[in-house]
Amino acid sequence: MAENEQIKICPLCAETIKAAAKVCPHCRHWQPRKWSFSNPQLLQSVASVFWAVAIFGAIIGLGYFLENLIGPKRDFAPYQSQIAVVSSEVSLQMYGSNLTVDVVGVVTNKSNFAWKNVGLEARLFDKDGKLIDVIQASDSSYDGIVVLPHAEAGFKIHSRATQKESEYATHKVFVGTGKDICAWP
Ligand SMILES: [Zn+2]
């Protein structure tokens, strides 16, 4: 080794080597802090950082997903009174020999939250105001509706009539149970 050449010590094998060496001639170790894309150690470091960030992101994402899936859900009960029936209409129709009752209408959600499986119950009365029939869209029913915050949603509840057509006079629709839109299922 010429005397005027800069030298350094290889960090791996401790041999004295030229300062400009990218690879130690003794142990083939790539020398640190040589900023070059041809240095596989640099590429490995970049890949390691990339994977660390990707895995960290995936863990955070999974955490949010699980929180959404199994975390605490907003209880519907305090908000029930903020779901109001805007309009509703009853129609009675014969399907073959069966009389069916359909109640269609619109509800409005005055709360700041979205709800799903909102159950609705139509109570049907005779001309004397006596309750003669009840039909429901319960939370297990496909008729349970989704209501977005400060929005309206249409509904339709349908059932076989239990009384003769002439008995039905008036009706009123009530809001039943509902679920946080994030609740699963
Ligand atoms: Zn070496």
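Residues numbered from 1 in each chain as written. Predicted model: local features only at pLDDT ≥ 70, side-chain atom pairs only at ≥ 80, totals over all residues.

1. Re the confidence of the model for the protein chain
Fine structural detail should not be taken from predicted coordinates in areas where pLDDT scores are low.
Next up, step 1: Confidence in the prediction of the protein chain, expressed as mean pLDDT, is 88, and 90% of residues score 70 or more.
Next up, step 2: Summarising per-element confidence for the protein chain, the mean pLDDT is lowest in helix α1 (residues 40-70) (87) and highest in strand β10 (residues 170-175) (96). (pLDDT = per-residue confidence, 0-100. Helix = DSSP H or I, 4+ residues; strand = E, 2+ residues; numbered from the N terminus.)

2. Regarding the domain arrangement of the protein chain
Next up, step 1: For the protein chain, the assigned domains read domain 1 (7-58) and domain 2 (77-180).
Next up, step 2: Distance between the C-alpha centres of domain 1 and domain 2: 71 Å. (Domains from an automatic or database assignment.)

3. Thoughts on the sheet that holds strand β3 (residues 83-95)
Next up, step 1: Ordered in space as β3-β4-β9, the three strands form an open sheet in which the pairing is antiparallel. Because the sheet does not close on itself, it has two edges, and the strands there are β3 and β9 (152-160). Taken over all neighbouring pairs, the strand axes of this sheet differ in orientation by 15° on average, direction set aside.
Next up, step 2: Of the pairings in the sheet, the one linking β3 to strand β4 (residues 98-109) comprises 12 bridges and is antiparallel in character. If you follow Ala 84 over to β4, its bridge partner there is Thr 108. (Pairing = 2+ DSSP bridges. Axes fitted to C-alpha atoms, helices over the stretch in contact; angles between N-to-C directions.)

4. Observations concerning unusual backbone geometry
Next up, step 1: Although it is not a glycine, Ala 14 adopts a positive phi angle of roughly 65°.
Next up, step 2: Relative to the helices and strands, Ala 14 is located in the loop between β1 (7-9) and β2 (16-18).
Next up, step 3: A positive phi angle, close to 50°, is found at Asn 117, a residue other than glycine.
Next up, step 4: Considering the arrangement of structural elements, one finds Asn 117 in strand β5 (residues 115-118).
Next up, step 5: Using a count of 23 C-beta atoms within 10 Å as the deciding quantity, one classes Asn 117 as buried. (Buried ≥ 20, exposed ≤ 12 C-beta atoms within 10 Å, placed from the backbone.)

5. Concerning the nonpolar core
Next up, step 1: Within the largest apolar cluster, 20 residues are counted, with the highest numbers of intra-cluster contacts made by Val 103, Val 118, Leu 120, Ala 122, Val 147, Phe 155 and Ile 157.
Next up, step 2: Every element with two or more residues in this core is listed here: β4, β5, β6 (120-125), β7 (131-137), β8 (145-147), β9 and β10.
Next up, step 3: Those residues in contact with Val 118, other than ones at most four positions away along the chain, are Ile 83, Gly 144, Ile 145, Val 147, Val 175 and Gly 178. (Core = buried A, V, L, I, M, F, W, Y, C linked by C-beta atoms within 7 Å. Contact = placed C-beta atoms within 7 Å.)

6. Points about the sheet that holds β5
By definition, the strands of a sheet pair up through backbone hydrogen bonds, in either a parallel or an antiparallel sense.
Next up, step 1: Here three strands make up an open sheet; going across it, the order is β8-β5-β11 and the pairing antiparallel. With one partner strand each, in any of the chains shown, β8 and β11 (179-180) form the two edges of the open sheet.
Next up, step 2: Here β5 pairs with β11 via two bridges, running antiparallel. What sits directly across from Trp 115, in β11, is Asp 180.

7. Topic: the environment of Val 46
Next up, step 1: By secondary structure assignment, the location of Val 46 is in helix α1.
Next up, step 2: When the C-alpha positions of Val 46 and Ile 60 are compared, they lie 21 Å apart, and in sequence the two are 14 residues distant.

8. A short note on α1
Next up, step 1: Given a rise of 1.5 Å per residue, 31 residues ought to cover 45 Å, and the 44 Å separating the end C-alpha atoms of α1 matches this to within 8%.
Next up, step 2: The element α1 is largely exposed, with a buried count of zero among its 31 residues. (Expected span 1.5 Å × (residues − 1).)

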